[in-house]
Amino acid sequence: MKLAKLSRREIMERCITGGLIAGSGALSQTQLLAYWEEAEKQAMKPTAADVLGPFFRKGAPNLRTLRGPKDPGFPLLVSGRVVNVKGQLVEGATVDFWHADHAGRYDTRGYKFRTKVTPDAKGDYAVETVMPGHYGDRPAQHIHYLIAAPGHKSLITQAYFATDPFFEGDPVKNWNKRNLAANRELIMPVKLFEGPAAPRAEIRFDIVLEKA
Ligand SMILES: [Fe+2]
């Protein structure tokens, strides 16, 4: 028997009427369907924006490893995924990524600690680098991002580190100290690993883009 192709809504309705999705009894089938659809629409909030800053340079090379073997600074892996608000792959995205070196200095003539990466077929990106240092004007460690993709709003933002002494051990309370970070959600938890060679830190920074 050939089955007719059903829309997502029709599949959902069948699941509800067939008891595969059960409400608590207080909700009608129509309400349950409406709640489900609304929740799916709100499933992912676009990533919060932050300021561009004065140190962006166009034309960075597409590099996965920014850390040289002799570079001082604590090794850091930054990874994440670029998706739309439905959690789907965003085709053709590019991620400009730049930060200060371990001592808080930007390379304003070359491209040290700068890259423009293209996420893989699943939307994943990963960059090996070092923990950025602190600098006078913006004394919280941070990584700058500029993400662009066809059909989507470009996003300028920054990732911060929950372990940064700047947040005094309490980023929930101190996230907006001196109005540096634009949004509490940009302060990322840091994992520390004791690898066989050397310890390293990791953060995950997922990026959710809105349609243009
Ligand atoms: Fe900066």
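Let me begin by describing the structure that accompanies this report.

What counts as what
- Each chain carries its own residue numbering, running from 1 in the direction its sequence is written.
- Per-residue local features of the predicted model are confined to residues with pLDDT of at least 70, and side-chain atom pairs are confined, for both listing and counting, to 80 or more; whole-chain, interface and lining totals are unaffected and use all residues.
- Only hydrogens and water are set aside; all other atoms, that is, all heavy atoms of the structure, feed into the side-chain values.
- With water omitted from the atoms examined, metal sites may look incomplete; donors here are N, O and S atoms no farther than 2.8 Å from the metal, or 3.2 Å in the case of Na, K and Ca.
- Square planar and octahedral sites, with four and six donors, are those where opposite donors lie more than 155 degrees apart and all other angles lie between 65 and 115, tetrahedral sites have four donors with every angle between 85 and 135 degrees, and the rest are irregular.
- The rule is simple: take the accessible area with a 1.4 Å probe, protein chains only, and divide by the maximum for that residue type; under 20% is buried, over 50% is exposed, in between is partly exposed.
- Put simply, the grid is 1 Å and covers the protein atoms alone, a cavity is a trapped set of points that fit a 1.4 Å probe, a pocket is an open set with protein on both sides within 12 Å along at least five of seven lines, and lining residues have an atom within 4 Å of a point.
- Grid points are joined across faces, edges and corners, and a volume is the space filled by probe spheres set on the points.
- Any residue that is not Ala, Val, Leu, Ile, Met, Phe, Trp, Tyr, Cys, Pro, Asp, Glu, Lys or Arg is counted as polar, Gly included; the first ten are nonpolar and the last four charged.
- Within 6.5 Å between ring centres, the rings of Phe, Tyr and Trp (the latter by its six-membered ring) count as paired, and their orientation is classed by plane angle as stacked under 30 degrees, edge-to-face over 60, tilted in between.
- Runs of E in the DSSP output that reach at least two residues are strands. Runs of H or I that reach at least four are helices, and both are numbered from the N terminus.

Coordination of the iron ion by the protein is provided by Y106 (OH), Y135 (OH), H142 (NE2) and H144 (NE2), with metal-donor distances spanning 2.0 to 2.1 Å. Taken together, the four donor atoms coordinating the iron ion and their angles of 91 to 157° define a geometry best described as irregular. On the primary sequence, the residues serving as donors to the iron ion are separated as Y-x28-Y-x6-H-x1-H. Residue classification places Y135 among the buried positions, given a relative accessible area of 13%.

As a further point, take the layout of surface pockets. Over the atoms rolls a probe the size of a water molecule, and in doing so it shows where empty space is left. If you add up the space inside the second largest pocket, you get close to 180 Å³. Taken together, K45, P46, T47, A48, E185, L186, M188, R204, F205 and D206 make up the lining of the second largest pocket. Here the residues of the lining of the second largest pocket sort into five nonpolar, one polar and four charged.

Here we come to the packing of aromatic side chains. Under the definition given, this model contains eight aromatic pairs. Relative to W98, the ring of F56 has its centre 4.8 Å away and its plane inclined at 50°; by these criteria the two rings are tilted. Here F56 is found in the loop between α2 (29–41) and β1 (75–84), whereas its partner W98 is found in strand β2 (residues 94–98), with 42 residues between them in sequence. What makes F56 partly exposed here is its relative accessible area of 23%. Measuring from centroid to centroid gives 5.3 Å for Y106 and Y135, while their planes differ by 80°, and the two rings are edge-to-face. With Y106 in the loop between β2 and β3 (114–117) and Y135 in the loop between β4 (124–130) and β5 (142–148), this residue pair connects regions lying 29 residues apart in the sequence.

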